[in-house]
Amino acid sequence: MSNKMHIKLTVNGEEQEFLAEPRELLIHTLRERLDITGPHIGCETTHCGACTVTLNGKSVKSCTVFVAQANGADITTIEGIGDPDNLHALQTSFKEHHGLQCGFCTPGMITRAAKFLEENPNPTEEDVRFGMAGNLCRCTGYQNIVKAIFATADELNAAKEAAE
Ligand code: FES
Ligand code: FES
């Protein structure tokens, strides 16, 4: 008897439906089953955050969730945050402030940063560093990531004020 489970997900606004074994990790579903390869795998111990996605409004490390646990969930990955023709302010800012080098941590970083700025639109530097502490980077030393997040906060707040 097959132990596959019937799974439904909404990923970046698209409904997905498939059969999966209970042991399938969400990061593998995204990368291997759905070809959404922005989220990366940088560890086997839930430290690095390269696999970060937004699941039902929370930042989640998708290497630490079985897809069966995510059944019915609404998921956003870096691919749903912006695209080359329509970059999110964070994506522009990471580019302008040199917040990435190899780019391997960047999808998780930006996905987390987007959620973090929703949680705290006016952060201090300590808030940013603490709020991003679940995401490791081997290249940047973090300083320019912090700058990029601050610049984005200013931009988003200015846009919000202008709209009011
Ligand atoms: S792959 Fe490192 S925390 Fe998920
Ligand atoms: S840019 Fe290389 S790991 Fe962060």
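Note that this is a predicted model, so its numbers are computed, not measured.

The rules behind each value
Residues numbered from 1 in each chain as written. Chains lettered and ligands numbered in written order. Predicted model: local features only at pLDDT ≥ 70, side-chain atom pairs only at ≥ 80, totals over all residues. Heavy atoms only, no water. Helix = DSSP H or I, 4+ residues; strand = E, 2+ residues; numbered from the N terminus. Rg over C-alpha atoms; globule rule 2.2 N^0.38 Å. Buried < 20%, exposed > 50% of the residue type's maximum accessible area, 1.4 Å probe, protein only. Contact = heavy atoms within 4.5 Å. Lys, Arg positive; Asp, Glu negative; His and termini not counted. Charge placed at Lys NZ, Arg CZ, Asp CG, Glu CD. Core = buried A, V, L, I, M, F, W, Y, C linked by side-chain atoms within 4.5 Å. Pairing = 2+ DSSP bridges. Domains from an automatic or database assignment. Buried area = accessible area lost by both parts, 1.4 Å probe. Salt bridge = Lys/Arg side-chain N within 4 Å of Asp/Glu carboxyl O. Polar contact = N/O pair within 3.5 Å; in protein donor to acceptor, adjacent residues only side chain to side chain.

**Digging into the overall build of the chain**
- Broken down by element type, the chain carries six helices and five strands.
- Reading the secondary structure of the chain in the N-to-C direction produces β-β-α-β-β-β-α-α-α-α-α.
- Taken over the C-alpha trace, the chain has a radius of gyration of 16 Å; the compact-globule value for 164 residues is 15 Å, and the two agree within 12%.
- Residues classed as buried in the chain amount to 43% of the 164 residues present.
- A separation threshold of at least 6 residues defines the contact pool for the chain, and within that pool the share at least 24 residues apart is 56%.
- Positive and negative charge centroids in the chain, built from 14 and 22 side chains respectively, lie 7 Å apart.

**Overview of the environment of K95**
- Tracing the sequence through the fold places K95 in helix α3 (residues 89–96).
- Note: C-alpha distance between K95 and R112 (17 residues apart in sequence) is 16 Å.

**Considering the nonpolar core**
- In terms of nonpolar packing, the biggest core is built from 19 residues, with L90, F94, M109, M132 and I149 touching the most fellow members.
- Every element with two or more residues in this core is listed here: α2 (78–81), α3, α4 (106–119) and α6 (143–163).
- Here this core gets six residues from one element, more than from any other, and that element is α4.
- In this structure M132 touches M109, R112, A113, F116 and I149, once residues within four positions along its chain are discounted.
- Counting residues in hydrophobic clusters, the runner-up holds 17 residues, among them A20, I36, L55 and V60.

**Details of the pairing of strand β2 (residues 14–20)**
- Taken together, the seven bridges between strand β1 (residues 5–11) and β2 define a ladder with antiparallel strand orientation. Each bridged residue has a counterpart across the sheet, and for L9 the counterpart in β2 is Q16.
- The antiparallel pairing of β1 with β2 creates a hairpin that spans two residues between the two strands, and N12 there sits at a positive phi of about 50°.

**What to know about the domain arrangement of the chain**
- Under the domain assignment, the chain is made up of domain 1 (5–80) and domain 2 (89–163).
- Each partner contributes to the interface: domain 1 provides 18 residues, whereas domain 2 provides twelve residues.
- Contact between domain 1 and domain 2 buries roughly 1100 Å² in total, counting both sides, with carbon and sulfur atoms accounting for 59%.
- Across the domain 1-domain 2 interface, the total number found is zero salt bridges.
- Where domain 1 touches domain 2, the interface holds seven residue pairs in polar contact (both at pLDDT 80 or more).

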